[in-house]
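Below are the chains, spelled out letter by letter.
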Amino acid sequence: MKPLKIAIAGVGKIVYDQHLPAIRGNQDFELVATASRNHTVDGVPAFKGIQEMLSSQRDIDAVSLCMPPQYRYEAARLAIRAGKSVFLEKPPGATLSEIESLKKLAAEYAVTLFASWHSRHAPAVQVVKSHLNEHPPRRVKVIWREDVRHWHPDQEWIWQPGGLGVFDPGINALSIVTEILPEEIFLRTAALEFPSNRQAPIGAQLSFTDATGTDVHADFDWRQTGEQTWDILIDTDSTHLHLKKGGHELWIDAVRRDLPLEGEYPSLYRHFADLIRGRSSDVDVAPLRHVADAFMLGQHVVTDPFI
Ligand code: NAP
């Protein structure tokens, strides 16, 4: 089968770290162009903007949109209206309404729209999902604590409205939780800590439940130095599960389990190719909806300025 010709718009950290190796390692794709104001990829035709790329190079099947979420909607519209399938980095946009609009547009133009959640492709996720179908969860504790200075140096967009602050990593945890739990959860209470000089939270405490009364608590913090924590602990009536390292390590009743070897981004691109070839879309906004609920329902607490 001929490879799908793919372009990337918004070349930056995640493109260099993950998208390029995943695309190069997947025979279903051939990278044919980039659209980015300041960044390029060696040996790949480069354009300054997506409009210029789409009008100059028509032989493109799909575009991965990897710019910050506040700038993704316009790019997605242009790509879909040019008949291209679209891969949205997470979070898929700055608002839920943008995604509804893109879903309708993608259906109208009969192209694939994929709202990707890379953490859902961590190797423990499907193993835990199957386990919880047999053993319903009673208590879930999410601890997602990292050092913003280490992971997001000089990323001003992340502190601006729509940048999500600590929910930029926290939404990854929510993408796992919403994938593995058998019941839909909803937010009961939340407290968001905003540095006095910033527009986005640096910490969040969220309490959810579901129709069966499962207790789900999430602790997101961006001020953790030293060892980083991306853990989910789950108690069922008979078992205790511990997902560590963002779903890359799994312990059930203190025994470490073997997991599939495929990485998150190779798995994402394999899924994207399947969607395109199957002429379907995959757009689940549940993680973004929970973040929107937290901004809507959460208590806002002002904390120390972030320098
Ligand atoms: P980034 O490096 O700060 O931004 C990616 C690129 O987007 C920039 O290099 C820039 O390229 C372009 N860009 C920046 N501002 C723009 C604007 N106003 N309009 C158009 N393009 C703009 O960010 P990133 O870390 O790669 O993250 C990008 C997305 O991937 C985010 O949604 C993030 O949540 C997600 N993500 C990041 C990571 C991670 O570890 N960093 C992991 C998973 C997912 P030009 O200057 O060349 O235009």
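Everything below is about the structure printed above this text.
Summarised in this report is the structure supplied together with it. (Residues numbered from 1 in each chain as written. Predicted model: local features only at pLDDT ≥ 70, side-chain atom pairs only at ≥ 80, totals over all residues. Heavy atoms only, no water.)

1. Structural notes on unusual backbone geometry
- Here the bond from Lys90 into Pro91 is cis, since omega is -20 degrees, no more than 30 degrees from zero.
- Tracing the backbone through its elements, the reader meets Pro91 in the loop between strand 5 (85-88) and helix 4 (96-109).
- One non-glycine residue, Asp154, adopts positive backbone phi at about 60 degrees.
- Structurally, the position occupied by Asp154 is in the loop between helix 6 (148-151) and helix 7 (167-180).
- Overall, Asp154 belongs to the exposed group, its relative accessible area being 79%.
- Not every positive phi belongs to a glycine, and Leu164 is a case in point at roughly 80 degrees.
- Here Leu164 is to be found in the loop between helix 6 and helix 7. (Helix = DSSP H or I, 4+ residues; strand = E, 2+ residues; numbered from the N terminus. Buried < 20%, exposed > 50% of the residue type's maximum accessible area, 1.4 Å probe, protein only.)

2. Here's the deal with the nonpolar core
- Grouped together as the largest cluster of nonpolar side chains are 77 residues, with contacts concentrated most on Ile50, Met53, Leu65, Phe167, Leu206 and Phe220.
- Tallying contributions element by element places helix 7 first for this core, with 7 residues.
- Looking at which domains feed residues into this core, each of domain 1 (4-115) and domain 2 (119-261 + 291-303) gives three or more.
- Core analysis: the next-biggest nonpolar cluster, separate from the first, contains 23 residues, Leu4, Ile6, Leu20 and Leu31 among them. (Core = buried A, V, L, I, M, F, W, Y, C linked by side-chain atoms within 4.5 Å. Domains from an automatic or database assignment.)

3. Description of the packing of helix 5 (residues 125-134) against helix 7
- For the pair helix 5 and helix 7, interaxial distance at closest approach is 9 Å and the crossing angle is 40 degrees. As the angle between them shows, helix 5 and helix 7 are arranged oblique. Facing helix 5, whose interface residues are Val125, Gln126, Val128, Lys129 and Leu132, helix 7 presents Ile176, Glu179 and Ile180.
- Class assignment of the residues belonging to the contact of helix 5 with helix 7 gives a composition of 5 nonpolar, 1 polar and 2 charged. (Axes fitted to C-alpha atoms, helices over the stretch in contact; angles between N-to-C directions. Parallel < 35°, antiparallel > 145°, perpendicular 65-115°, else oblique. Contact = heavy atoms within 4.5 Å. Nonpolar A, V, L, I, M, F, W, Y, C, P; charged D, E, K, R; others polar.)

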